[in-house]
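# Observations on the model geometry
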Amino acid sequence: MDEDIDKNSILALFDFDGTITNKDSLFDFLKFSVGSTDYYVKLFLLIPVFLKFFMGKISNSQAKEKVFKFFYKDWPIDKFQKVSNNYSLNKINLIVKKSAVEKIEWHKKNNHQIIIVSASIENYLEEWCRQNQLELLGTKLEILENKITGKFITPNCNGEEKVKRIQNRINLSEFNLIYAYGNSKGDLPMLNLADFKYYKNFK
């Protein structure tokens, strides 16, 4: 790398699920938040939603919103955030890939700006990101009268939405180099922003 390049003008963009983690954090969090029995009962009752998704009758975002509404509608946000923080601080480190964490640490050591860009709900990633000094862009929940409605107030942070959220947060032209890491087709628009693209890089 050119020694004249200002390290502070280098950006690293990381997808979360499947890139940093070895499993889908959404279902891991759902199970953690309500317990195994309630989790499997709810998944069984949601089979019609999953069938509509696999048949292409509803989008990934619509299916995800229906799942979240079924699990958490009318939950007090204080209760939800407490569970989210507990998961973030005590469970996420159990599902992260060592190689991904090592790459994050390399970027931190070199003073690069790092942003986690994830379709996951921000609430249950916030504390893990804060603990690791990482910025976060994720899907945001709608809260009315201190309760979860089950709806999202932002589009699901996936595909082109990742690019929109990144561009709304920062001016990409200010960076001399951009790294991006992802593992699915929903990450490809974000990867296309980068000078160095890494797809399914961490094992």
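Report follows, based on the coordinates. Not measured: the values here are computed from a predicted model.

## Examining the sheet that holds strand E3 (residues 135–139)
The strand order across the open sheet built from five strands is E3-E2-E1-E6-E7, with neighbouring strands paired in parallel fashion. The open sheet terminates on both sides in strands that have one partner only, identified here as E3 and strand E7 (196–199). Across the sheet, the mean angle separating the axes of adjacent strands is 15 degrees when strand polarity is ignored. Two elements, strand E1 (residues 10–14) and strand E2 (residues 113–121), share four bridges in a ladder whose sense is parallel. Its bridge partner lying in E2, Leu11 is registered against Gln113. Against the sheet, helix H8 (residues 160–169) contacts E1, E2 and E3, and its axis sits at roughly 140 degrees relative to E3.

## Here's the deal with the pattern of salt bridges
Overall, the coordinates contain ten salt bridges when judged by the stated rule. With its nearest N and O atoms 3.5 Å apart, the salt bridge here joins Asp74 to Lys73. A residue is classified by how much of its surface remains accessible, and Lys73, at 41% relative accessible area, is partly exposed. Note that Lys162 and Asp187 form a salt bridge whose closest N and O atoms lie 2.7 Å from each other. Of this pair, Lys162 sits in helix H8 while Asp187 is found in the loop between strand E6 (177–182) and helix H9 (188–191), placing the two residues 25 residues apart along the sequence. The two residues Lys162 and Asp187 agree in class, both being buried.

## Details of the packing of aromatic side chains
If you walk through the whole model with that rule in mind, you get 24 aromatic pairs. Taken together, a centroid distance of 6.4 Å and an interplanar angle of 15 degrees make the contact between Phe14 and Phe202 stacked. Taken together, the positions of Phe14 in strand E1 and Phe202 in the segment after E7 put the pair 188 residues apart, joining distant regions of the chain. On the basis of relative accessible area, Phe14 is assigned to the buried category, the value being 0%. Classification of Phe202 by relative accessible area gives buried; the value is 7%. Consider the rings of Phe16 and Trp128, whose centres lie 5.6 Å apart with planes at 65 degrees: the pair is edge-to-face.

## Examining the side chain of Ser33
Summarising the element assignment, Ser33 is placed in helix H1 (residues 25–34). Aside from chain neighbours lying at most four places away, what touches Ser33 is Tyr72, Trp75 and Val83.

So, how was this worked out
Residues numbered from 1 in each chain as written. Predicted model: local features only at pLDDT ≥ 70, side-chain atom pairs only at ≥ 80, totals over all residues. Heavy atoms only, no water. Pairing = 2+ DSSP bridges. Helix = DSSP H or I, 4+ residues; strand = E, 2+ residues; numbered from the N terminus. Axes fitted to C-alpha atoms, helices over the stretch in contact; angles between N-to-C directions. Contact = heavy atoms within 4.5 Å. Salt bridge = Lys/Arg side-chain N within 4 Å of Asp/Glu carboxyl O. Buried < 20%, exposed > 50% of the residue type's maximum accessible area, 1.4 Å probe, protein only. Phe/Tyr/Trp six-rings, centres within 6.5 Å; stacked < 30°, edge-to-face > 60°.

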